Amino acid sequence: MTARVPIGIVMNGVTGRMGYRQHLVRSLLAIREQGGLPLRDGSRLWPEPVLVGRNEAKLRDVADRHGLTDWTTDLDAALARPDVSIYFDAQVTSEREKAIGLAVAAGKHIYTEKPTATTLHGAVELARAADTAGVRHGVVQDKLFLPGLRKLDRLVRGGFFGRILSVRGEFGYWVFEGDWQEAQRPSWNYRAADGGGIVVDMFPHWHYVLEQIFAPVRAVTAHVTTHIPRRWAEDGQPYDATADDAAYGIFELDGGVVAQINSSWAVRVNRDELVEFQVDGTEGSAVAGLRRCRVQHRAATPKPVWNPDLPSTDDFRAQWQEVPDNEVFDNGFKAQWEMFLRHVVEDAPYTWDLWAGARGVQLAELGLQSAREGRRVEVTELRS
Ligand SMILES: NC(=O)c1ccc[n+]([C@@H]2O[C@H](COP(=O)([O-])OP(=O)(O)OC[C@H]3O[C@@H](n4cnc5c(N)ncnc54)[C@H](O)[C@@H]3O)[C@@H](O)[C@H]2O)c1
């Protein structure tokens, strides 16, 4: 029988949406279901989650549901355990920095949801502390692992676009206010004091998508607003939505690429997917979403003529060609967990670290500054 090598992983925030569904069930438990993570030496790495949270009853419930027995409300005690190598954080954003700081001090490797902190200063301090402690660190950058964006990345690497001119992203959907229909996202997302806000939430995602697939971001101009100022919380009580719920951003990338991305919780979807990016290049264009990616090559580009007096005879959407999968795409969160685990135990390369996370936080901070001051803000390089 193949040797099973256990690896203890503290999972904090596992009763939340992301912690439970994507990280515990779809990633670590899924790795166990497939018999562990195969390593180079022929053994199999076996994640041993230690569930950590504030609420005993909720933790026990999660544990029972999956036949797990290792859970505690005492983070310090969990971090003191020698059989734990990794600390993972999917708590509300505002609690993250403190907890990761404790885990670094305890000498644990760090894997975390984004944003890594609520301020750039905090994010940089975490990255520095982790480097100084000599621990491995990684930040979730799940969108890069979406089938649609994987295909888009493949097109970029293959030179499909020629010179890339622009990227236009549309992200968002209607998040119910919570009065006559329950809201489908947690209320803390709409309170600034609790670490909410669509800029803090989504700009870190846009940062790594732009930086990793296209080019580094050099400047940002953003208009940020709160379209829906009053919402109703989980307990049915109304509250003031103090955080931004829509952001209209322009990002200037290296090489003159202009990216413009709208993010909104107050928009109704008239697209094929909840996020879509259109990329236009001299040789061709593409529209990529969560799963699909369609292209139009220069040679197959129609020549529309503006004439509002006549109904259009072109079916523009039909003029695009589907990019085939050509491979099996695993759950993105799981794929990234596997890479991080290999980074920790086998020294496999891994680039999405706390510095990458800090650059995402930086873009959010500069986006908010741009909106506040009504001007374009340049992105300076972070120094370790
Ligand atoms: N990668 C992604 O696509 C993605 C998507 C959504 C959210 N996130 C990130 O994941 C994190 C969690 O988001 P979520 O949507 O799962 O939130 P959630 O509200 O569903 O879960 C939050 C978790 O934090 C815990 N928690 C700890 N301290 C808390 C406090 N003081 N108040 C409230 N809860 C507290 C909760 O018990 C719960 O387990 C956030 O940082 C968010 O930015 C990432």
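Quick caveat: nothing in here was measured; it's all calculated off a predicted structure. (Residues numbered from 1 in each chain as written. Predicted model: local features only at pLDDT ≥ 70, side-chain atom pairs only at ≥ 80, totals over all residues.)

Draft legend 1. View of the nonpolar core. Ile 9, Val 10, Met 11, Ile 110, Leu 152 and Val 199 are the most contacted members of the largest nonpolar core, which totals 91 residues. In terms of residue count, helix 7 (residues 198–214) provides more of this core than any other element does, eleven residues in total. Inspection of this core shows a minimum of three residues originating in each of domain 1 (4–142 + 332–352) and domain 2 (143–329 + 362–373). Once residues within four sequence positions are removed from consideration, Ile 110 is found in contact with Tyr 87, Ile 100, Ala 103, Val 104, Ala 130, Val 135, His 137 and Leu 354. (Core = buried A, V, L, I, M, F, W, Y, C linked by C-beta atoms within 7 Å. Buried ≥ 20, exposed ≤ 12 C-beta atoms within 10 Å, placed from the backbone. Helix = DSSP H or I, 4+ residues; strand = E, 2+ residues; numbered from the N terminus. Domains from an automatic or database assignment. Contact = placed C-beta atoms within 7 Å.)

Draft legend 2. Local environment of the domain arrangement of the protein. Segmenting the protein into domains produces domain 1 (4–142 + 332–352) and domain 2 (143–329 + 362–373). Between domain 1 and domain 2, the C-alpha centre-to-centre distance is 28 Å. Opposite the 13 residues of domain 1 that make contact, domain 2 presents 13 residues. Ranked by the residues each element gives to the side of domain 1 that touches domain 2, the list is headed by helix 8 (residues 332–346), at three residues. Within the side of domain 1 that touches domain 2, the residues separate by chemical class into four nonpolar, seven polar and two charged. (Nonpolar A, V, L, I, M, F, W, Y, C, P; charged D, E, K, R; others polar.)

Draft legend 3. The arrangement of the site of the ligand in detail. Taken together, 20 residues form the shell around the ligand, and within it Gly 16, Arg 17, Met 18, Gln 91 and Pro 186 come nearest. Top contributing element to the shell around the ligand by residue count: helix 1 (residues 17–33), with three residues. (Near = placed C-beta within 6 Å.)

Draft legend 4. Seen up close, the UniProt feature "domain: GFO/IDH/MocA-like oxidoreductase" (unreviewed entry) in the protein. UniProt records the feature "domain: GFO/IDH/MocA-like oxidoreductase" (unreviewed entry) for residues 150–286 in the present numbering. Helix makes up 18% of residues 150–286 and strand makes up 36%, while its end C-alpha atoms are separated by 13 Å. (UniProt positions renumbered as here; feature names shortened; annotations may be inferred.)

Draft legend 5. Region of the structure containing the UniProt feature "domain: Gfo/Idh/MocA-like oxidoreductase N-terminal" (unreviewed entry) in the protein. In the numbering used here, UniProt assigns the feature "domain: Gfo/Idh/MocA-like oxidoreductase N-terminal" (unreviewed entry) to residues 50–138. Between the C-alpha atoms that bound residues 50–138 the distance is 19 Å, and the span itself is 44% helix and 19% strand.

Draft legend 6. Spotlight on the sheet that holds strand 15 (residues 284–288). Spatially, nine strands are ordered 17-16-15-14-8-13-12-9-18 in an open sheet, and the strand pairing comes out mixed. Lying at the two open borders of the sheet, with one neighbouring strand each, are strand 17 (321–322) and strand 18 (377–378). Inspection of the sheet shows strand 16 (residues 293–297) paired to strand 17 by two bridges, in the antiparallel sense. The partner of Arg 294 across the bridge, within strand 17, is Glu 322. Packed on one face of the sheet, helix 9 (residues 354–373) meets strand 9 (217–225), strand 12 (246–253) and strand 18 and runs near 55° to strand 9. (Pairing = 2+ DSSP bridges. Axes fitted to C-alpha atoms, helices over the stretch in contact; angles between N-to-C directions.)

Draft legend 7. View of the packing of helix 7 against helix 9. Remark: helix 7 packs on helix 9, axes separated minimally by 8 Å, with the N-to-C direction vectors making an angle of 125°. Between helix 7 and helix 9, the angle falls in the class oblique. The crossing of helix 7 and helix 9 is right-handed. Seen from helix 7, the contacting residues are Val 199, Val 200, Phe 203, Pro 204, His 207 and Tyr 208; seen from helix 9, they are Ala 356, Arg 359, Gly 360, Val 361, Leu 363, Ala 364, Gly 367 and Leu 368. Of the residues in the contact of helix 7 with helix 9, the class split is ten nonpolar, three polar and one charged. (Parallel < 35°, antiparallel > 145°, perpendicular 65-115°, else oblique. Left-handed = near helix turned anticlockwise from the far one by under 90°.)

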